[in-house]
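# Structural features, examined
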Amino acid sequence: MKLMKHITIALVLCAIPAVALGQSVSCDDCTHVMSVYYGDGGLIAEADGDMVTYVATCEGVTRTGELMPNDDGMVAMLLDHDNGLACHGDDDGNGFEIGPIMDGGWYWLTMESNSAVGGLVSMDVLENETVDIADAGEGVEMVMGKGAVLLTETATGRTGLLPNILPEMPTAAPAKCGFKGAATAASPASPVQSKCMLGDGGTILLMTSTNAITGATVRVMDKASVTRPGGTGSVTIVADLWGNGSGHYVATHADTDNGISAMRGQPSVAMGTGRAATRLTGVTYTLSLSTGGPGAGSEITSGTAVGGVDFTEADSAATITVEADSAYCSKDNNHSATVNITATMSTATDADQVVPSVARNATSGAVGSTSFTVMCPAASANPGQELVPENPFPTE
């Protein structure tokens, strides 16, 4: 009773329908349709504007009107003989459009002995694939509509609206640009550069070391800690530059070596045997030491250790060596030391070796950075490296 009262109030606010005979009337503001416009009934919906328009066509006669939303933004109306909006014709051209309204509006149809309720269908989904409703034979009358079928059992008059628009599956995200193939004679590598998503040109500085016990290559994460060895031992860390996995490809690649250059900078191959052949090239490195100890704040020059930390450069990679240093770790000293690594490409041409270009600071040429902290070993611990557990590198 409360719902019907609300509808009656809304009807007072709507305009008297205008009738158009033999004319084609369009509704530019209409966003939804009544899936089956047949019989008496009514509707209710949330307006998506200051005024809602409807266009109702039944057996060649078109009626139009406007509805003013109430204080709650709702519109409602009856479809009956009093306002000329009841429709009992079998014409396929019957239709009822309304809008602008929000999704979630619904309507009802009142037949001789029963009523059916259905949703107002958004025009955006009318082109979606529909499914054929199973035919129950002469015992059920079927009236095809837009997005639904009106089913009526002939023996009892029981009726209902059955939607027949299939749900539209979510669109799969496009593949990231990269490469295909395994760089083998049976499966040469080649760029994937069409129908794919380009990334942002970002990079990751990959650091790896060797587990002293297993001999496995393990990743040293950004800001991880490494335990300084004692005696004459050393810890070696290799750093090189890779794409960040957001999607890139190599515009021009060589056919030699089974196209391995098509894998240039791809993080999915960074931990494999082709690392030296596929890392980003034209990269140089700057290292500095910070946090504690007598060398804090010093840039590390290749070949001249600071705080027991030295490095060499070759083939666009930096090989960092950490050794004992009594000024940092001894019975009298216990200083940590943070090693900061910055990767640089000197020219924009270097950055253009992949598409999109490597994101490069136009002033400094910086293309990436990372760091790790060297810690003194615990007195009870055996000298050696505190390695981060193996962690998969991001893949594209």
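Before reading on, note that the structure itself is shown above.
Residues numbered from 1 in each chain as written. Predicted model: local features only at pLDDT ≥ 70, side-chain atom pairs only at ≥ 80, totals over all residues. Heavy atoms only, no water.

A few words now on the sheet that holds strand β24 (residues 366-375). Here five strands make up an open sheet; going across it, the order is β17-β24-β23-β19-β20 and the pairing mixed. Unpaired on one side and paired on the other, β17 (224-227) and β20 (298-300) mark the two borders of the sheet. Each adjacent strand pair in this sheet contributes to an overall mean axis angle of 30 degrees, direction not counted. Two strands pair when backbone bridges link them, and strand β23 (residues 337-345) and β24 are joined in this way by eight bridges, in the antiparallel orientation. The partner of T344 across the bridge, within β24, is A366. (Pairing = 2+ DSSP bridges. Helix = DSSP H or I, 4+ residues; strand = E, 2+ residues; numbered from the N terminus. Axes fitted to C-alpha atoms, helices over the stretch in contact; angles between N-to-C directions.)

What follows is about the sheet that holds strand β10 (residues 140-144). Here we have three strands laid out as an open sheet, ordered β10-β11-β12, and antiparallel in their pairing. Each having just a single partner strand, β10 and β12 (159-163) make up the two edges of the open sheet. Ignoring strand direction, the axes of neighbouring strands in this sheet form an average angle of 25 degrees. Both strand β11 (residues 148-153) and β12 contribute to a ladder of five bridges, which runs antiparallel. Counted as the bridge partner of L150 is L161 from β12.

Scanning the entire structure with this criterion turns up three aromatic pairs. On the numbers, 5.9 Å between centres and 45 degrees between planes, the contact of W106 with W108 is tilted. W106 gets classed as partly exposed once you look at its relative accessible area, which sits at 30%. Chaining the aromatic ring pairs together yields one cluster made of Y37, Y54 and F96. (Phe/Tyr/Trp six-rings, centres within 6.5 Å; stacked < 30°, edge-to-face > 60°. Buried < 20%, exposed > 50% of the residue type's maximum accessible area, 1.4 Å probe, protein only.)

Next up on the list: the pairing of strand β9 (residues 115-122). When strand β2 (residues 32-34) meets β9, the two strands line up antiparallel, connected through three bridges. Bridge assignment links V33 to a residue of β9, and that residue is V121. Pairing of strand β8 (residues 106-110) with β9 involves five bridges; the strand directions are antiparallel. Directly across from W108, in β9, lies its bridge partner V117. Hairpin connection from β8 to β9: four residues lie between these consecutive antiparallel strands.

Our focus in this paragraph is the state of the cysteines. Cysteine pairs can be linked by a disulfide, which is a covalent bond between their two sulfur atoms. Applying the stated rule across the entire model yields four disulfides. Note on cysteine connectivity: C58 is disulfide-linked to C87, with sulfurs 2.1 Å apart. One quick way to see it: the torsion about the S-S bond of C58 and C87 is about 85 degrees, and its sign makes the bridge right-handed. Linking C58 in strand β4 (residues 52-58) with C87 in the loop between β6 (74-79) and β7 (95-99), this pair joins segments that are 29 residues apart in sequence. The same class applies to C58 as to C87, namely buried. The partner cysteine of C177 in its disulfide is C196, sulfur to sulfur 2.1 Å. Looking down the S-S bond of the C177 and C196 bridge, the torsion is 90 degrees, so its handedness is right-handed. (Disulfide = S-S within 2.5 Å.)

Further remarks concern the environment of S246. Tracing the backbone shows S246 in the loop between β18 (234-243) and α2 (275-278). As a C-alpha pair, S246 and G202 span 44 residues in sequence and 7.6 Å in three-dimensional space. A distance of 2.8 Å separates polar atoms of two side chains, one belonging to S246 and the other to N244. (Polar contact = N/O pair within 3.5 Å; in protein donor to acceptor, adjacent residues only side chain to side chain.)

This part covers the nonpolar core. Among the nonpolar cores identified, the biggest contains 36 residues, and L241, Y285, I341 and F372 are the most heavily contacted of them. Ranked by residues supplied to this core, first place goes to β23 with five residues. Aside from chain neighbours lying at most four places away, what touches Y285 is L205, A239, D240, L241, F311, E313, S316, A317, A318, I341, T342 and A343. (Core = buried A, V, L, I, M, F, W, Y, C linked by side-chain atoms within 4.5 Å. Contact = heavy atoms within 4.5 Å.)

Our next topic: the pairing of β23. Taken across its nine residues, β23 has seven buried, putting it largely inside the fold. Bridge count between strand β19 (residues 283-290) and β23: eight bridges; the pairing is antiparallel. Looking at the pairing, Y285 lines up with A343 of β23.

The subject of this paragraph is the side chain of D325. Examined against the element boundaries, D325 turns out to sit in the loop between β22 (317-323) and β23. One polar contact links the side chain of D325 to the main-chain amide nitrogen of G308, over a distance of 3.2 Å. In this view, D325 contacts R228, G307 and G308; residues no more than four positions away in its chain are not counted.

What follows is about the pattern of salt bridges. Within the structure shown, the criterion is met by three salt bridges. Three or more residues joined by partner-sharing salt bridges are found here, namely D240, R275 and R279. (Salt bridge = Lys/Arg side-chain N within 4 Å of Asp/Glu carboxyl O.)

So, on to unusual backbone geometry. Along the chain, G99 connects to P100 via a cis peptide bond; the corresponding omega equals 0 degrees. Topologically, P100 is positioned in the loop between β7 and β8. Of the consecutive residues V355 and P356, the connecting peptide bond is found in the cis state with omega at -5 degrees. With respect to the helices, strands and loops of the structure, P356 is situated in the loop between α3 (348-351) and β24. A positive phi angle, close to 60 degrees, is found at N258, a residue other than glycine.

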